[in-house]
Amino acid sequence: MKTTNFFLQSYKKNNEVLDLSSGQILQKTTSNICTNGWYNLVGEKLSYILFDKRLVSLCVGETICIIDAGSSASLIHSANESIFQLYQDGELQIMFSYKRNSENMLESSFGFSEDEDFDWGKFLVGVINSPERIKLIADYILENHEVS
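This one's a predicted model, so the numbers in the text were calculated from it and none came from an experiment.

1. What to know about helix α1 (residues 120–128)
Among the nine residues that make up α1, eight are buried, leaving the element largely enclosed by the rest of the structure. Considered for burial, the residues of α1 that qualify are W120, G121, F123, L124, V125, G126, V127 and I128. Capping of α1 at its N-terminal end is provided by D119; its side-chain oxygen lies 3.1 Å from the backbone amide nitrogen of G121.

Right under this line is the structure:
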């Protein structure tokens, strides 16, 4: 039986990849590691968005939610903090707060970037609330995994 290893690109550092099965952070010195999503620390909790074929999931700490047509995400902003909320069919499933700061991604993994790519919560909201963007990312990941 073949086991799938999932690798997640660091949201903040394009040269770091998390091996989800072992929990080890690897230095991405070549492009031979195909990633399945992104990870970031929220406080001391691991959070990630994972694309496995056409299945998309969001994990924060021990909570994992499948992202589908019933999913929606929002942000609430205060002076220097944001609160991310994920709803499934109108019910709150995941919520976390984080401090906004100037430590941004250096570049997009796809060669292009948008405003929300520099704020983890905005990035998640932008992906989760856009079926077109989910499809674009999933197609990109699938295409790159077929090549390797």
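Okay, back to it.
2. A short note on the confidence of the model for the chain
Chain-level pLDDT for the chain is 84 on average; 80% of the residues reach the 70-or-more range. The element-level mean pLDDT for the chain is lowest in helix α2 (residues 131–147), coming to 83, with strand β7 (residues 63–67) highest at 97.

3. A word on the sheet that holds strand β2 (residues 16–19)
Read from one edge to the other, the open sheet built from seven strands follows the order β3-β2-β1-β4-β5-β6-β7, with strand pairing classed as mixed. For this open sheet the edge positions go to β3 (24–27) and β7, each flanked by a neighbour on one side alone. For this sheet the average axis-to-axis angle between neighbouring strands, irrespective of direction, equals 30°. Of the strand pairs in this sheet, strand β1 (residues 7–10) and strand β4 (residues 37–42) are connected by two bridges, and their pairing is parallel.

4. Quick word on the pairing of strand β10 (residues 91–99)
Pairing geometry for strand β9 (residues 81–88) and β10, over eight bridges, is antiparallel. The partner of L86 across the bridge, within β10, is I94.

5. Things to note about the pattern of salt bridges
Summed over the entire model, instances satisfying the criterion amount to two salt bridges. Residue K135 is joined to D139 by a salt bridge in which the shortest nitrogen-to-oxygen separation is 2.7 Å. Taken as a pair, K135 and D139 lie in helix α2 at a separation of four residues, close to a single helical turn.

6. As for the packing of aromatic side chains
Summed over all chains, the structure comprises seven aromatic pairs. Ring geometry for Y11 against W120: centres 4.9 Å apart, planes inclined by 65°, an arrangement best described as edge-to-face. Separated by 109 residues along the polypeptide, Y11 in the loop between β1 and β2 and W120 in helix α1 bring together distant segments of the chain. Across the pair, exposure class does not vary: Y11 and W120 are buried alike. Considering the side-chain rings of F96 and Y98, the 5.9 Å spacing of their centres and the 45° angle between planes classify their relative orientation as tilted. Judged by relative accessible area, which is 7%, F96 ranks as buried. Under the relative-accessibility criterion, Y98 is labelled buried at 11%.

7. Some thoughts on the sheet that holds strand β8 (residues 71–77)
Taken together, the three strands give an open sheet; going across it, the order is β8-β9-β10, and neighbouring strands pair in antiparallel fashion. Across the chains shown, the open sheet's two edge strands, defined by having one partner strand only, are β8 and β10. Averaged over neighbouring strand pairs, the angle between their axes works out to 20° when direction is ignored. Strand contacts of α1: β8, β9 and β10, with the helix running at about 150° to β8, the strand carrying the most contacts.

Cut-offs and rules
- Residues numbered from 1 in each chain as written.
- Predicted model: local features only at pLDDT ≥ 70, side-chain atom pairs only at ≥ 80, totals over all residues.
- Heavy atoms only, no water.
- Buried < 20%, exposed > 50% of the residue type's maximum accessible area, 1.4 Å probe, protein only.
- Helix = DSSP H or I, 4+ residues; strand = E, 2+ residues; numbered from the N terminus.
- Polar contact = N/O pair within 3.5 Å; in protein donor to acceptor, adjacent residues only side chain to side chain.
- pLDDT = per-residue confidence, 0-100.
- Pairing = 2+ DSSP bridges.
- Axes fitted to C-alpha atoms, helices over the stretch in contact; angles between N-to-C directions.
- Salt bridge = Lys/Arg side-chain N within 4 Å of Asp/Glu carboxyl O.
- Phe/Tyr/Trp six-rings, centres within 6.5 Å; stacked < 30°, edge-to-face > 60°.
- Contact = heavy atoms within 4.5 Å.

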